[in-house]
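Structural characterization, general
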Amino acid sequence: MPELPPLDRLLIVAPHPDDEAIPTGGLIQRAIEAGGRVRVVYLTDGERNVWPQRALFRHWRISAEDLREWVAIRRRETLASLRILGLPEPSATFLGFSDAMLAILARAGDPRPVAELTKIVKAERPTLILSPSSFDLHGDHRAGAYFTHRAALETPILTYMVHGNGPPERLAAILALTEDQQRKKREAVLCHASQLRLSRRRFLSHVRVGEAFYTAEHDVVRIDGPLHGAIATIRHALGAIVRR
Ligand SMILES: [Zn+2]
């Protein structure tokens, strides 16, 4: 299997808070240990999270004030996770697009996500971009792949999976994590306490010896039709129930 591309300047595009620790918590540590620089761009604040919100706030209807508090909680958890992985606060950029709406933005041809990412790529000049995958079962991740591949210009891309399995024939690299890296990755995942109440087992299942990365998807990346999107979302929801 080929080696990872140079990690001098790593740019990770994360649709939601927690998409740094779960798929790339080991890679971030590896880049820092090698003297590299890492920036993580969060497309959304993961604010459409109604069941954990009801559990936290102990009421049914989530108000605008609850949402603001939720966003603050998720950003705090994210910065704590990044600190454990070795990144200072300025390494994170929060773009604040609406959670669960990225596919709608993409289908509507909204230019802002690609424009924001392009601006960051031009400023950071990454040596490698880690993109969500268009094979992921979550619509925000597929839309994130679409935006990222359009914004990457000539930069090499690898993709990561969070929901579902990547196509084995597109596997590009598996990063083996040391015991210490696994321990820190676990700590970073556990920083996302707001998510663990209902999904602890699923989250911790991503802490294992290897992180898998897949080839760039310029050849396949697209915005799926609504039917495909709906089926994938149902499969994702059923999978979450079965796994719990
Ligand atoms: Zn996500």
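Computed from a predicted model, the values in this text were never measured in an experiment.

**Topic: the overall build of the protein**
Secondary structure assignment for the protein yields nine helices and seven strands. Taking 18 Å as the expected radius of gyration for a compact globule of 244 residues, we find that the protein reaches 17 Å, a close match to that expectation. Seen through its principal axes, the protein has C-alpha atoms that stretch 50 × 40 × 35 Å. For the protein, buried positions account for 54% of its 244 residues. Here the analysis covers contacts within the protein between residues at least 6 apart in sequence; of these, 81% occur between residues at least 24 apart. With the model as given, the accessible surface of the protein reaches about 11700 Å², and the carbon-plus-sulfur share is 56%. For the protein, the separation between the mean place of its 34 positive charges and that of its 28 negative charges on side chains is 4 Å.

**Points about the nonpolar core**
Of all hydrophobic cores here, the largest spans 32 residues; its most connected members are Leu10, Val38, Val40 and Leu130. Counting residues per element, this core draws most heavily on helix α1 (residues 21-33), at five residues. Ignoring any residue separated from it by four or fewer positions in sequence, one finds Leu10 in contact with Leu27, Ala31, Arg37, Val38, Arg39, Leu128 and Leu130. Residues Leu95, Ala106, Ala143 and Tyr146 belong to the second largest nonpolar core, which totals 22 residues.

**A look at the side chain of Ser91**
If you trace the backbone, Ser91 turns up in the loop between α3 (64-85) and β3 (92-97). Since its relative accessible area comes to 8%, Ser91 is described here as buried. Once residues lying within four places of it in the same chain are set aside, the contact partners of Ser91 are Val38, Arg39 and Val40.

**Points about the packing of α1 against helix α7 (residues 179-190)**
α7 packs onto α1 with a crossing angle of 130 degrees between their chain directions and a minimal axis gap of 9 Å. In terms of axis orientation, α1 runs oblique to α7. Both α1 and α7 take part in a crossing whose hand is right-handed. Between α1 and α7, the contacting residues are Ala21, Ile22, Pro23, Gly25, Gly26, Gln29, Arg30 and Glu33 on the first element and Asp180, Gln181, Lys184, Lys185, Ala188 and Val189 on the second. Residue composition of the contact of α1 with α7, grouped by class: five nonpolar, four polar and five charged.

**Focus on a nonpolar patch on the surface**
Taken together, the side chains of Val50, Trp51, Trp60 and Leu198 present a nonpolar region at the surface, about 430 Å² in accessible area. Topologically, Leu198 is positioned in helix α8 (residues 193-204).

**Overview of the coordination of the zinc ion**
Every protein donor of the zinc ion is accounted for by His16 (ND1), Asp19 (OD), Asp19 (OD) and His141 (NE2), and the metal-donor separations fall at 2.1 to 2.8 Å. Coordination at the zinc ion comes from four donor atoms whose angles at the metal span 51 to 140 degrees, giving a geometry best classed as irregular. In the primary structure, the donors to the zinc ion are separated according to the pattern H-x2-D-x121-H.

**Some points on the packing of aromatic side chains**
One pass over the structure, following the stated rule, counts four aromatic pairs. Between Trp51 and Trp60, the aromatic rings sit 5.4 Å apart at their centres with planes inclined by 80 degrees, giving edge-to-face as the arrangement. No difference in accessibility class separates Trp51 from Trp60, as the two residues are exposed. Where Tyr146 meets Phe147, the ring centres are 6.0 Å apart and the plane angle is 65 degrees; that geometry is what we call edge-to-face.

**Considerations on unusual backbone geometry**
Positive phi is not limited to glycine here, since Arg58 has a value of about 60 degrees. Within the fold, Arg58 resides in the loop between α2 (50-57) and α3. By relative accessible area, Arg58 is classed as exposed at 72%. Here the phi dihedral of Leu153 falls at roughly 55 degrees; this positive angle occurs in a residue that is not glycine. Tracing the backbone shows Leu153 in the loop between α6 (139-151) and β5 (157-160). For Leu153, a relative accessible area of 47% puts it in the partly exposed group.

About the cut-offs
Residues numbered from 1 in each chain as written. Predicted model: local features only at pLDDT ≥ 70, side-chain atom pairs only at ≥ 80, totals over all residues. Heavy atoms only, no water. Helix = DSSP H or I, 4+ residues; strand = E, 2+ residues; numbered from the N terminus. Rg over C-alpha atoms; globule rule 2.2 N^0.38 Å. Buried < 20%, exposed > 50% of the residue type's maximum accessible area, 1.4 Å probe, protein only. Contact = heavy atoms within 4.5 Å. Areas by Shrake-Rupley, 256 points an atom, 1.4 Å probe, with all protein chains shown as cover. Lys, Arg positive; Asp, Glu negative; His and termini not counted. Charge placed at Lys NZ, Arg CZ, Asp CG, Glu CD. Core = buried A, V, L, I, M, F, W, Y, C linked by side-chain atoms within 4.5 Å. Axes fitted to C-alpha atoms, helices over the stretch in contact; angles between N-to-C directions. Parallel < 35°, antiparallel > 145°, perpendicular 65-115°, else oblique. Left-handed = near helix turned anticlockwise from the far one by under 90°. Nonpolar A, V, L, I, M, F, W, Y, C, P; charged D, E, K, R; others polar. Patch = residues over 30% accessible without salt bridge, like charges linked within 9 Å, V, L, I, M, F, W, Y side chains within 5 Å. Salt bridge = Lys/Arg side-chain N within 4 Å of Asp/Glu carboxyl O. Donors = N, O, S within 2.8 Å, 3.2 Å for Na, K, Ca; no water. Tetrahedral: all angles 85-135°; square planar, octahedral: opposite > 155°, others 65-115°. Phe/Tyr/Trp six-rings, centres within 6.5 Å; stacked < 30°, edge-to-face > 60°.

Everything listed here is a matter of coordinates, which is why it stays silent on function.
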